[in-house]
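Spelled out from the first residue to the last, the chains are:
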Amino acid sequence: MQQKIHMVDLLGQYQKIKPEVDAALQQVIDRTAFINGPEVQDFSQAFAHYNRVSHVVTCGNGTDAIQIALMALGLGPGDEVILPVHTYVATAEIIALLRLKPVFVDVDPATFNINIKQLEAAISPQTKAVVPVHLYGQCADMEPLLAIARKHGLFVVEDAAQAVGATYTFADGTVKKAGTMGDMGCTSFFPSKNLGCFGDGGAILTNNETLATRARMIANHGQRIKYHHDIVGCNSRLDTLQAAVLKVKLPHLDAYNATRNKVAERYTALLRQQEKIILPTMAKNSSHVFHQYTVRVTGTDRDKVKEQLQAAGIPTMIYYPVPLHLQKAYRHLGYAAGAFPVAEELSATVLSLPIHTELAEEQQDYIIETLIHILDQSPR
Ligand SMILES: *Cc1c(COP(=O)(O)O)cnc(C)c1O
């Protein structure tokens, strides 16, 4: 009997590194340095080294990372921050929470990332920052984006929560990791992310020492010296237990991402002939770490395909079913249906197939065969 198919298989991944992880966790417990134990610093350094970046500020989760980064920029109420409309809510939520104004831009239908041509048109005198999202595991087109930001004096805060380990190659041959190209980069260690811990965790990456210092203070109640609060901050920390898990997993990250690429290559090779779906496009200048393998079901009813896959024991996900501008919480921004045709079309057609480090070949064969069968039977 075939094993149950999951969107992610955290247990299978853990079992392969169980002795190392268990020992690391036990060591934290034995020391009882649960808050800011040495593992937090050790992991921060290792993660900075991995990303070739000068500063890593760890925090409680990826959403906090975005919040702390935007707070560190010192923006004021009403300042506009541009972001892609096809993304996870966290990006927009923090902008709104800080009383800044989210300004949406449509995405590129091929890469699902922010449309660079439309970005410049969205810039106003109030625009202060842009938050590109490296969606599904590949980088937004950062070279032209950075050029536009520089021209207009905008900060760039990357949301790299889905793309840890992805690389972007600039025209001069320089290669940089996701989250290290703008002023600051934010990432998440949510369990199902490519580098996930056993709960919540996040980090901010930057080469800017002033911003790193501010971010570190903000994450720690706005203080540099205990009980001396220079700025308004918050309380957001990476647990020592989570840092211990991450320290063990980080050396495996490139192998994890390579395994995801193998799964993706197989999907692409074996689904290439299917006319009712559009397979993911590889961006020109970015590697892909396949946080998601997302197809677009354009030749038949996506939701029916999803239901039939589910009935056959194959889970799939829709990231994301409602574009941000049509969400109730963001209606006050005044965008109408039709404002972002690509994002709206994606919400109706995207379907993410199971992809993770433990997906067995026979499981993938079953997924592919079943999907092809469903597509063959489905009406146009
Ligand atoms: C996961 C994710 C976040 C938020 O991370 P949390 O750790 O869940 O707060 C932000 N942005 C994107 C694009 C994400 O995928």
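The structure under discussion appears in the preceding block.
How each quantity is defined
- Residues numbered from 1 in each chain as written.
- Predicted model: local features only at pLDDT ≥ 70, side-chain atom pairs only at ≥ 80, totals over all residues.
- Heavy atoms only, no water.
- Helix = DSSP H or I, 4+ residues; strand = E, 2+ residues; numbered from the N terminus.
- Rg over C-alpha atoms; globule rule 2.2 N^0.38 Å.
- Buried < 20%, exposed > 50% of the residue type's maximum accessible area, 1.4 Å probe, protein only.
- Contact = heavy atoms within 4.5 Å.
- Axes fitted to C-alpha atoms, helices over the stretch in contact; angles between N-to-C directions.
- Parallel < 35°, antiparallel > 145°, perpendicular 65-115°, else oblique.
- Left-handed = near helix turned anticlockwise from the far one by under 90°.
- Nonpolar A, V, L, I, M, F, W, Y, C, P; charged D, E, K, R; others polar.
- Salt bridge = Lys/Arg side-chain N within 4 Å of Asp/Glu carboxyl O.
- Phe/Tyr/Trp six-rings, centres within 6.5 Å; stacked < 30°, edge-to-face > 60°.
- Lys NZ or Arg CZ within 6 Å of the ring centre and 35° of its normal.
- Pairing = 2+ DSSP bridges.
- Near = heavy atom within 4 Å.
- Polar contact = N/O pair within 3.5 Å; in protein donor to acceptor, adjacent residues only side chain to side chain.
- Areas by Shrake-Rupley, 256 points an atom, 1.4 Å probe, with all protein chains shown as cover.
- 1 Å grid on protein atoms, 1.4 Å probe; cavity = no way out; pocket = protein on both sides within 12 Å on 5 of 7 lines; lining within 4 Å.
- Points joined across faces, edges and corners; volume = space filled by probe spheres on them.
- Domains from an automatic or database assignment.

A. Summary view of the overall build of the protein. Within the protein one finds 13 helices and 14 strands. Over its C-alpha atoms the protein spans a radius of gyration of 21 Å, differing by no more than 12% from the 21 Å that the globule rule assigns to 380 residues. Referenced to the eigenvectors of the C-alpha coordinate spread, the extents of the protein come out at roughly 65 × 55 × 45 Å. In the protein, which comprises 380 residues, the share counted as buried stands at 56%.

B. Expanded view of the environment of Ala283. In this structure, Ala283 sits in the loop between strand S12 (277-278) and strand S13 (293-297). Put simply, Ala283 and Thr111 are 172 residues apart on the chain and 6.1 Å apart in space, counted from C-alpha to C-alpha. Non-local contacts of Ala283, meaning those with residues more than four positions away in its chain, are made with Thr111 and Gln138.

C. The arrangement of the packing of helix H4 (residues 62-72) against helix H5 (residues 89-97) in detail. Interhelical geometry of H4 versus H5 gives an angle of 40 degrees and a closest axis separation of 9 Å. Classified by the angle between their axes, H4 and H5 sit oblique to one another. Pair H4 / H5 crosses with right-handed handedness. Counting all contacts with H4, which are made through Thr63, Ile66, Gln67 and Leu70, the residues of H5 involved are Ala90, Thr91, Glu93, Ile94, Ile95 and Leu97. In terms of residue class, the contact of H4 with H5 is made up of six nonpolar, three polar and one charged.

D. Region of interest: the pattern of salt bridges. Inspection of every chain in the model, using the stated rule, returns twelve salt bridges. Two residues, Glu358 and Lys16, come together in a salt bridge whose shortest N-O distance is 2.7 Å. Note that Glu358 is positioned in the loop between strand S14 (350-353) and helix H13 (361-377) and Lys16 in helix H1 (residues 10-16), a separation of 342 residues in sequence. Residue Lys151 pairs with Glu120 through a salt bridge whose shortest N-O separation is 2.7 Å. Of this pair, Lys151 sits in helix H7 (residues 142-152) while Glu120 sits in helix H6 (residues 116-121), and the two are 31 residues apart along the sequence. Judged by relative accessible area, Lys151 falls into the exposed class, the value being 61%.

E. Expanded view of the packing of aromatic side chains. On inspection of all chains with the given rule, the structure shows 13 aromatic pairs. By the ring-pair criterion, three or more aromatic residues cluster together here, those being Phe43, Phe47 and Phe189. Over the ring of Phe170 we find Lys176; its NZ or CZ atom is 5.7 Å from the centre of that ring. Cation over ring: Lys177 sits above Tyr50, and NZ or CZ is 3.9 Å from the ring centre.

F. Representation of the sheet that holds strand S8 (residues 184-188) in the model. Reading across from one edge, S1-S9-S8-S5-S4-S2-S3 is the order of the seven strands in this open sheet, with mixed pairing throughout. Either end of the sheet is taken by a strand with one partner, and the two such strands are strand S1 (55-59) and strand S3 (101-105). The average angle at which neighbouring strand axes cross in this sheet is 25 degrees, direction not considered. Across two bridges, strand S4 (residues 127-130) lies against strand S5 (residues 155-159) in parallel orientation.

G. Structural detail: the side chain of Glu158. Counting through the fold element by element, Glu158 comes out in strand S5. Contacts of Glu158, omitting those with residues within four sequence positions, involve Pro132, His134, Met142, Ala178, Gly179, Thr180, Met181, Gly182, Met184, Gly185 and Cys186.

H. Inspection of the site of the ligand at higher detail. Around the ligand, the neighbouring residues are Asn61, Gly62, Thr63, Tyr88, Ala90, Val133, Asp159, Ala161, Gln162, Ser188, Phe190 and Lys193. Here an oxygen atom of the ligand and a side-chain polar atom of Asn61 are 3.4 Å apart. Contacts to the ligand include Asp159, whose side-chain N or O atom sits 2.7 Å from a nitrogen atom. Bound to the protein, the ligand loses 92% of the 380 Å² it would expose on its own.

I. Here's a closer look at empty space enclosed by the protein. Applying the stated criterion across every chain, the model contains two cavities of 30 Å³ or more. In this structure, the largest cavity occupies an estimated 80 Å³ of space. Every residue lining the largest cavity is counted, 13 residues in all, and those nearest its centre are Leu10, Gln13, Pro191, Lys193 and Arg260. In terms of residue class, the lining of the largest cavity is made up of three nonpolar, six polar and four charged. Two domains each donate at least three residues to the lining of the largest cavity, and these are domain 1 (10-104 + 113-251) and domain 2 (253-377). Computed from the structure, the second largest cavity encloses a volume of approximately 50 Å³. In this structure, the second largest cavity is lined by Ala110, Thr111, Phe112, Leu135, Tyr136, Gln138, Pro280, Thr281, His288, Gln292 and Thr294. Looking at the lining of the second largest cavity, its residues break down into five nonpolar, six polar and no charged. Residues from two domains meet in the lining of the second largest cavity; each of domain 1 (10-104 + 113-251) and domain 2 (253-377) gives at least three.

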